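A closer look at the structure
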Amino acid sequence: MSAIRSRRFVLAATGAAVAGLMSMGNTSAASVSDTDAASSDALESAAHDTAAEVSTGFNYSGELTQGGWIRGVAPGGAIEVTLGEAKIDLADDGSFFAAFDRDSAEELVLSATIDTGRRIGETLSVSPRDWQIERVNVAKRGGGTSEAWWKKREPEWNAIVAARAKETGAAGWRQDFIWPVTGRISGRFGRQRIYRGEPGSYHSGIDIAPGNGVPFVAPADGVVVLARTGFSLEGGLIIIDHGAGLNSAFLHASKIAVAEGDSVRQGQHIGNVGATGRATGPHLHWSLKWNDARLDPLLFTGPMN
């Protein structure tokens, strides 16, 4: 994988409860035994409380940059965790996944509400990226669509939105992702054209061109939430839910080897590279989303070997 940026945030205990218990007054010989027993119980209780307080911090690692991600463990007793305004799904063991959009702000607050009602948080620094921007001296073409085209496109769009909203309980988000296929990278995430000062849409995934018909695999465990052919833009389209709000989409497939509802394992064959839909040549377009945030697949896999 690419270099991992880590940060550990822990609230330090004051130890005042323990110190207070150490200042014992004079006692009679008859009360020494009872006092020692009470002191022992109190110290054990205070030590337990102090240990609990020490553990109430965020522990995480990942790629703290635009299009990147973090994985970690929430503070003990956390009942709600947010990144900025986005709510984070918490696993039963307190672990979580979150990510940063391509256009993320350079600072976001990671915060938790504890079951006592207390809130703790940390400001994350999200490093900006030097995106591949091409400035062209032509006017941007109009984005209008015909009524006939939208009549076909609307149910496709609704199917994609519904698929990405499904919660399957998959746990692939816990894994280190692998490349679905290797080959020439023909399009990078985030690249964008500026038409006489007016921004066009940026490239929302990474394009890999290994050749027509080459098999590609699941980059991590998950559940297939969409697997259909004939989409206007995407052609043969597969979407896999990896859990925790994270999902992968694979576009332009010439063949689909899985069905909706299938559980897939990392490395399992799911389809073959093609040029279906709106594509100028055979390639696999792989995109990743966490909730509404678009992510850079390269930051999940590291450089291609």
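A brief structural summary. (Residues numbered from 1 in each chain as written. Predicted model: local features only at pLDDT ≥ 70, side-chain atom pairs only at ≥ 80, totals over all residues. Heavy atoms only, no water.)

1. Section: the pairing of strand β15 (residues 222–231)
In summary, the side chains of a regular strand alternate between the two faces of the sheet. A large share of β15 lies buried, amounting to 7 of its 10 residues. Looking at chain direction, β15 and strand β19 (residues 263–264) are connected through 2 bridges and run antiparallel. For G222, the partnering residue across the bridge sits in β19 and is V264. Bridge count between β15 and strand β16 (residues 235–243): 6 bridges; the pairing is antiparallel. Looking at β16, one finds that R228 is bridged to L237. As consecutive antiparallel partners, β15 and β16 are separated by 3 residues. (Buried < 20%, exposed > 50% of the residue type's maximum accessible area, 1.4 Å probe, protein only. Helix = DSSP H or I, 4+ residues; strand = E, 2+ residues; numbered from the N terminus. Pairing = 2+ DSSP bridges.)

2. Focus on the environment of A162
Note that A162 resides in helix α3 (residues 147–164). Since its relative accessible area comes to 41%, A162 is described here as partly exposed. A sequence separation of 64 residues divides A162 from L226, and the C-alpha atoms of the two residues are 9.2 Å apart.

3. Describing α3
Taking 1.5 Å as the rise per residue, α3 with 18 residues should run 26 Å; its terminal C-alpha atoms sit 25 Å apart, in good agreement. Within α3, the axis deviates most sharply at R153, by approximately 35 degrees, and proline P155 lies no more than four positions further along. Within α3, the full set of buried residues consists of R153, E156, A159, I160 and A163. (Expected span 1.5 Å × (residues − 1). Bend = angle between axes of the 7 residues up to and from the residue.)

4. A word on the packing of aromatic side chains
All chains considered together, the criterion is met by 10 aromatic pairs. Here W131 and F189 contribute two aromatic rings whose centre-to-centre distance is 5.6 Å and whose plane-to-plane angle is 70 degrees, an arrangement assigned as edge-to-face. Within this pair, whereas W131 is found in the loop between β8 (119–125) and β9 (133–136), its partner F189 is found in the loop between β10 (184–187) and β11 (192–195), the two being separated by 58 residues in sequence. With respect to class, W131 is no different from F189; both count as buried. (Phe/Tyr/Trp six-rings, centres within 6.5 Å; stacked < 30°, edge-to-face > 60°.)

5. Section: the nonpolar core
Counting 51 residues, the largest nonpolar core has I70, F97, L110, F216, L246, I270 and W290 as the members making the most contacts within it. Once residues lying within four places of it in the same chain are set aside, the contact partners of L110 are F58, Y60, I70, V81, T82, L83, I88, F96, I120, G121, E122 and L124. Formed by 9 residues, the second largest nonpolar core is a distinct cluster that contains V225, L226, L237 and I239. (Core = buried A, V, L, I, M, F, W, Y, C linked by side-chain atoms within 4.5 Å. Contact = heavy atoms within 4.5 Å.)

6. Quick look at a nonpolar patch on the surface
On the surface, W150, W157 and V161 cluster together into a nonpolar patch covering about 290 Å² of accessible area. If you trace the backbone, W150 turns up in helix α3. (Patch = residues over 30% accessible without salt bridge, like charges linked within 9 Å, V, L, I, M, F, W, Y side chains within 5 Å. Areas by Shrake-Rupley, 256 points an atom, 1.4 Å probe, with all protein chains shown as cover. Salt bridge = Lys/Arg side-chain N within 4 Å of Asp/Glu carboxyl O.)

7. Some remarks on unusual backbone geometry
In this structure, A244 takes a positive phi of about 60 degrees despite not being glycine. With respect to the helices, strands and loops of the structure, A244 is situated in the loop between β16 and β17 (246–253). The backbone of N291 shows a phi angle near 55 degrees, a positive value even though the residue is not glycine. Take N291: it is sitting in the loop between β21 (284–290) and β22 (293–295).

8. A closer look at the pattern of salt bridges
All chains considered together, the criterion is met by 8 salt bridges. One salt bridge connects E234 with R153, and the closest N-O pair in it is separated by 2.7 Å. Linking E234 in the loop between β15 and β16 with R153 in helix α3, this pair joins segments that are 81 residues apart in sequence. When sorted by exposure, E234 lands in the same class as R153, which is buried. E260 is paired through a salt bridge with R228; the nearest N and O atoms lie 2.8 Å apart. Taken together, the residues span a long stretch of sequence, with E260 in the loop between β18 (255–256) and β19 and R228 in strand β15 at a distance of 32 residues. On the basis of relative accessibility, which here comes to 35%, the residue E260 falls in the partly exposed class.

9. As for the sheet that holds β9
The strand order across the open sheet built from 3 strands is β9-β11-β12, with neighbouring strands paired in mixed fashion. The outermost strands of the open sheet, each flanked by one partner alone, are β9 and β12 (198–199). Sheet topology note: the β11/β12 ladder contains 2 bridges and is antiparallel. In the strand pairing of β12, Y195 is matched with E198.

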